Protein chains: 2
Amino acid sequence: MPSQMEHAMETIMFTFHKYAGDKGYLVKEGRRVLMDKECPGFLDPLAVDKIMKDLDQCQDDKVGFQSFFSLMAGLTIACHDCFVVHMKQKRRK
Amino acid sequence: MPSQMEHAMETIMFTFHKYAGDKGYLVKEGRRVLMDKECPGFLDPLAVDKIMKDLDQCQDDKVGFQSFFSLMAGLTIACHDCFVVHMKQKRRK
């Protein structure tokens, strides 16, 4: 049985492939739907558009797993920074 | 209720803090226990030692969340590459 961490890593992989399909990369519509469904609380639509354009570095409308994971890393590290601030404030009370 | 993707990102954060504790970074023993418990199927002990030393860039025995997430990214991308090869082989059969 996988650990919680292994399960989390699997979830990120499988979620990418759910929206990428057999072709193995995300096109514009897949990226939009993925963010709408899977990360609704993270970003406003304008920020999503900006990030998605940056991820599509070759401007060929294809975002592979590695670029997608960079986005997830950025979001998770930003959330982690908020979490740390929140925990410090909580400890002070 | 968080999506599966949001839950996965939370799990990675909370797992880090479970082993980092209040100090907010992983020391050698915490890193070893985390890898043993949370990623038992990924790496042999020698590879873990090597990666852990690389992560501790300042050689002060402290690994923060951002460095830790780089390790998770590397592992997940490696797993993803294996997954893609496996899926291609499966489709050919």
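What counts as what
Residues numbered from 1 in each chain as written. Chains lettered and ligands numbered in written order. Predicted model: local features only at pLDDT ≥ 70, side-chain atom pairs only at ≥ 80, totals over all residues. Heavy atoms only, no water. Least-squares fit on C-alpha atoms with pLDDT ≥ 70 in both. UniProt positions renumbered as here; feature names shortened; annotations may be inferred. Helix = DSSP H or I, 4+ residues; strand = E, 2+ residues; numbered from the N terminus. Salt bridge = Lys/Arg side-chain N within 4 Å of Asp/Glu carboxyl O. Buried < 20%, exposed > 50% of the residue type's maximum accessible area, 1.4 Å probe, protein only. Contact = heavy atoms within 4.5 Å. Buried area = accessible area lost by both parts, 1.4 Å probe. Polar contact = N/O pair within 3.5 Å; in protein donor to acceptor, adjacent residues only side chain to side chain. Phe/Tyr/Trp six-rings, centres within 6.5 Å; stacked < 30°, edge-to-face > 60°. Lys NZ or Arg CZ within 6 Å of the ring centre and 35° of its normal. Expected span 1.5 Å × (residues − 1).

Let's shift gears to the relation of the copies chain A and chain B. Once chain A has been moved 0.0 Å along the axis and rotated by 180 degrees, it coincides with chain B to within an RMSD of 0.0 Å. On this basis, the relationship between the two copies can be described by a two-fold rotation axis. The position closest to the rotation axis in chain A is occupied by the C-alpha of A8 of chain A, lying 2.1 Å away.

A word on the UniProt feature "transmembrane region" (unreviewed entry) in chain A. Look at the UniProt record and you will see "transmembrane region" (unreviewed entry) annotated at residues 63-85 of chain A. The straight-line gap between the two end C-alpha atoms of residues 63-85 of chain A is 32 Å; of that span, 91% is helix and 0% is strand.

Before going further, it helps to examine the pattern of salt bridges. All names here are of chain A. Scanning the entire structure with this criterion turns up 10 salt bridges over all chains. For K18, the salt bridge identified is with E38, shortest N-O distance 3.7 Å. Here the residue K18 occupies a position in helix α1 (residues 4-20), and E38 occupies one in helix α2 (residues 28-38), the gap between them amounting to 20 residues.

On to the side chain of E38 of chain B. E38 of chain B gets classed as buried once you look at its relative accessible area, which sits at 7%. Not counting chain neighbours up to four residues away, the residues in contact with E38 of chain B comprise S3, Q4, M5 and E6 of chain A together with T15, K18 and Y19 of chain B.

Attention now goes to the interface of chain A and chain B. Contact residues are listed per partner, giving 35 residues for chain A and 35 residues for chain B. A combined buried area of about 3,000 Å² lies between chain A and chain B, and 78% of that area is made up of carbon and sulfur atoms. Of all residues in chain A, the largest losses of buried area upon contact with chain B belong to M5, M9 and F69 of chain A, amounting jointly to 22% of the total for that side. On the surface where chain A and chain B come into contact, there are 2 salt bridges. With its nearest N and O atoms 3.8 Å apart, the salt bridge here joins D22 of chain B to R91 of chain A. Put simply, chain A and chain B have 4 residue pairs in polar contact (both at pLDDT 80 or more) between them. Put simply, the parts of the chain that give the side of chain A that touches chain B at least two residues each are α1, α2 and α4 (65-92) of chain A. Sorting elements by how many residues they give to the side of chain A that touches chain B places α4 of chain A first, with 14 residues.

Turning to the packing of aromatic side chains, a few remarks are in order. Taken as a whole and assessed by the stated rule, the structure comprises 11 aromatic pairs over all chains. Taken together, the aromatic side chains of F16, F65, F68 and F69 of chain A together with F16, F65, F68 and F69 of chain B make up a single cluster linked through ring pairs. The ring of Y25 of chain A is capped by K23 of chain A, whose NZ or CZ atom sits 6.0 Å from the centre of that ring.

With 17 residues, α1 of chain A should reach 24 Å at 1.5 Å per residue; the first-to-last C-alpha distance of 24 Å fits that figure. Burial in α1 of chain A covers these residues: M5, E6, A8, M9, T11, I12, M13, T15, F16, H17, Y19 and A20 of chain A. Elements in contact with the buried residues of α1 of chain A: α2 and α4 of chain A together with α1 (4-20), α2 (28-38) and α4 (65-92) of chain B. Just beyond α1 of chain A, the residue with positive phi is G21 of chain A, at close to 70 degrees.

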